[in-house]
Amino acid sequence: MRFSPLTTKLLNITLYQVGWFCCVLGAARGYPVTGALLALLLSIVHLLLADSPKSEALLMLIACFLGATIDSIQQAFGLFTFTSHPAWPFWLPLWVFVIWAQFATLFHYALYWLAGRYRLAAGFGMVGGPLAYWAGIRMGAATFGENPTLTIVSLAVVWALVTPLLCRLSLFLDKEEGLYRWGRSKGL
């Protein structure tokens, strides 16, 4: 299916944002697994529409692993605590894994303008990452630790590093797949 570049970006950001709200509001309203599964379904739609489902899925898995590691460390240090279902057996709720995977879907499409612009990506992450966590906390999907200022500063540093890293990984995967995305309108 072919879409114009603008439609592609709008569809990509819409799938991500709706998924983010499913995860965050699901967790905040007592339905964390349901919200995560709905968002996961949106990620599958993304993969079905993607130019290269293989490189998309790989980037999503890497982001999921990286995000789970980062969020586990920050939660272990008491910077924040995620809302989870008592029956969920893992250290992080499912919706956190899904949000990280969904975030990765943006790098080949809506955030492709950051490709190769690592300082800009760092600045984008330094501001956008803490804002997303703050919004999730305000909606009730998580709680701040004892020192909210330390949490925000930590998130700013982490996201200033993670965002350019994911940009770089998306470019690397493009080269491995032989994809050149500038001006492409095929798929998502």
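Values in this document were obtained by computation on a predicted structure and should not be read as measured data. Residue numbers here run from 1 along each chain, matching the order of that chain's written sequence. Only residues with pLDDT of 70 or above have their local features reported here, since the model is predicted, and side-chain atom pairs are shown and tallied only from 80 upward, although totals for entire chains, interfaces and linings are computed over all residues. Excluding hydrogens and water, the side-chain values take into account all heavy atoms of the structure.

## Remarks on the overall build of the protein chain
Stage number 1. Within the protein chain, the secondary structure is distributed over six helices and two strands.
Stage number 2. Secondary structure follows DSSP: runs of H or I at least 4 residues long count as helices, runs of E at least 2 residues long count as strands, and numbering of each begins at the N terminus. Counting helices and strands in the order they occur from the N terminus, the protein chain gives α-α-α-β-α-α-β-α.
Stage number 3. A 1.4 Å probe rolled over the protein chains alone gives each residue an accessible area, and that area as a share of the maximum for its type sets the label: buried under 20%, exposed over 50%, partly exposed in between. The 188 residues of the protein chain split such that 47% are buried.
Stage number 4. Counting contacts in the protein chain only where the partners sit at least 6 residues apart, residues at least 24 apart contribute 78% of the total.
Stage number 5. The Shrake-Rupley method, run with a 1.4 Å probe sphere, supplies the accessible areas, and residue values consider only the shown protein chains as cover. When the accessible surface of the protein chain is summed, it comes to about 9500 Å², and 72% of that surface belongs to carbon and sulfur atoms. In this analysis, two residues are considered to be in contact whenever any of their non-hydrogen atoms come within 4.5 Å of each other.

## As for helix α5 (residues 118-139)
Note: α-helices contain 3.6 residues per turn, so residues at a spacing of three or four share the same orientation.
Stage number 1. Expected span, for any helix, means 1.5 Å times one less than how many residues it has. Taking 1.5 Å per residue as the helical rise, α5 with its 22 residues ought to reach 32 Å, and the 31 Å between its terminal C-alpha atoms agrees with that figure.
Stage number 2. All buried positions along α5 are accounted for by Ala121, Ala122, Gly125, Gly129, Pro130, Tyr133, Gly136 and Ile137.

## What about the nonpolar core?
Stage number 1. Take the buried Ala, Val, Leu, Ile, Met, Phe, Trp, Tyr and Cys residues and link them wherever side-chain atoms come within 4.5 Å; each set so joined is a nonpolar core. Phe82, Trp95 and Phe103 are the most contacted members of the largest nonpolar core, which totals 43 residues.
Stage number 2. When residues of this core are traced back to their parent elements, those giving at least two are α1 (5-28), α2 (32-49), α3 (53-76), β1 (80-82), α4 (94-104), α5 and α6 (148-177).
Stage number 3. A per-element tally of this core places α4 first, with nine residues.
Stage number 4. Filtering out sequence-adjacent residues up to four positions away, Phe82 remains in contact with Asp71, Gln75, Leu92, Pro93, Trp95, Val96, Tyr133, Ala141 and Ala142.

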